[in-house]
Amino acid sequence: MGFFDFMTEDIAIDLGTANTLIIHNDKVVIDSPSIVARDRVTGKIIAVGKEANMMQGKTHENIKTIRPLKDGVIADFAASEEMIKMFIKSIPALKKKLFTPALRMVICIPSGITEVEMRAVKESAERVNGKEVYLIHEPMAAAIGIGVDIMQPKGNMIVDIGGGTTEIAVIALGGIVCDKSVKIAGDVFTNDIVYYMRTQHNLFVGETTAEKIKIQIGAALEDLDSPPEEMSVQGRDLLTGKPKQVDVSYREIAKALDKSIQRIEDAVMETLSQTPPELAADIYNTGIYLAGGGSMLRGLDKRISQKTDLPVYIAEDPLRAVVRGTGMALKNIQKFRSILIK
């Protein structure tokens, strides 16, 4: 084992619908959009991550951009494998190695995932030289990343709003007591904005632009304490076909996202209603933790707090909470043995 240990590298992967993050030696070495660009003629992957992201919506017929993950699970097996392979190859510390080292990996997966989807993630990992592959449920990883002591006999509620899924879980004694996974998250918000711009302003915008709107002026409440400035949005006028620009305020985006946010609220309420009373008592004191990119939506914490009458806390650096937790699980495999899926 000694020699093999010497050859093995440990990496933690948060394989997300929108972003993939990789930790190696306690550092986030990859933080890139989960997207690849493929040359249709040769079938070769020509770009991944940020580079491929810039091409999205701007391609000609010989280039196709693919997002290999949909709703938190692998939708395009070949593309996801290529993407993971290229990300791992581009880790600075592994570049220097003569040959690819064996990898010990912990990868996080959505909690509502099926056996088949789980196997797809595992196989992908094994095919990029993963010798020991462990899986961990996303809300668990998020809880560890936020800094909750998950092994305690205390209930904690985690709401992780990612790109493809929102994971809601009540965690105690190192296990998930009740959870709910809904397919309403960042991607749906983005599509809501596209639809709103189209119906209210007769402006056709692409996903990339809608995403920018969401980040710059996205909101969950129509009255914010420190509202963002109006934003100028460019796109194509559906009536004349000419490019045009409109100014949009955060209030409009709050309207556009209202229905989807309601569905997330309902899921939170439902999870609370399934929580055993002793844990509900704990949650009354500890409140709800938000993680994932979606938790950065202005006023979302306040809105969930108003709905549940509970304190709501946003994790620090919510985009990386899950990968941080995955990295911690990787460092203490012995301690977290019970929550890792072999």
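Shown above is the structure to which this text applies.
Parameters at a glance
- Residues numbered from 1 in each chain as written.
- Predicted model: local features only at pLDDT ≥ 70, side-chain atom pairs only at ≥ 80, totals over all residues.
- Heavy atoms only, no water.
- Buried < 20%, exposed > 50% of the residue type's maximum accessible area, 1.4 Å probe, protein only.
- Helix = DSSP H or I, 4+ residues; strand = E, 2+ residues; numbered from the N terminus.
- Core = buried A, V, L, I, M, F, W, Y, C linked by side-chain atoms within 4.5 Å.
- Contact = heavy atoms within 4.5 Å.
- Axes fitted to C-alpha atoms, helices over the stretch in contact; angles between N-to-C directions.
- Parallel < 35°, antiparallel > 145°, perpendicular 65-115°, else oblique.
- Left-handed = near helix turned anticlockwise from the far one by under 90°.

(A) Looking closely at helix H6 (residues 138–146). Counting buried positions along H6 gives eight out of nine residues, so the element sits mostly inside the fold. Listed as buried for H6 are Glu138, Pro139, Met140, Ala141, Ala142, Ala143, Ile144 and Gly145.

(B) Representation of the nonpolar core. Phe189, Met197, Ile213, Val233 and Ile288 are the most contacted members of the largest nonpolar core, which totals 46 residues. With nine residues, helix H9 (residues 250–274) is the single largest residue contributor to this core. Excluding anything up to four places from it in sequence, Ile288 contacts Met157, Val159, Val268, Ile304, Thr308, Leu310, Pro311, Val312 and Tyr313. Membership of the second largest hydrophobic core comes to 31 residues, among which are Ile66, Val73, Ala120 and Leu135.

(C) Fine view of the packing of helix H3 (residues 77–89) against helix H5 (residues 115–127). It is at 9 Å that the axes of H3 and H5 come closest, and there the two elements cross at 45 degrees. Between H3 and H5, the angle falls in the class oblique. Between H3 and H5 the crossing geometry is right-handed. Packed against H3, whose contacting residues are Phe77, Ser80, Glu81 and Ile84, the element H5 presents Ala120, Glu123, Ser124 and Arg127 at the interface.

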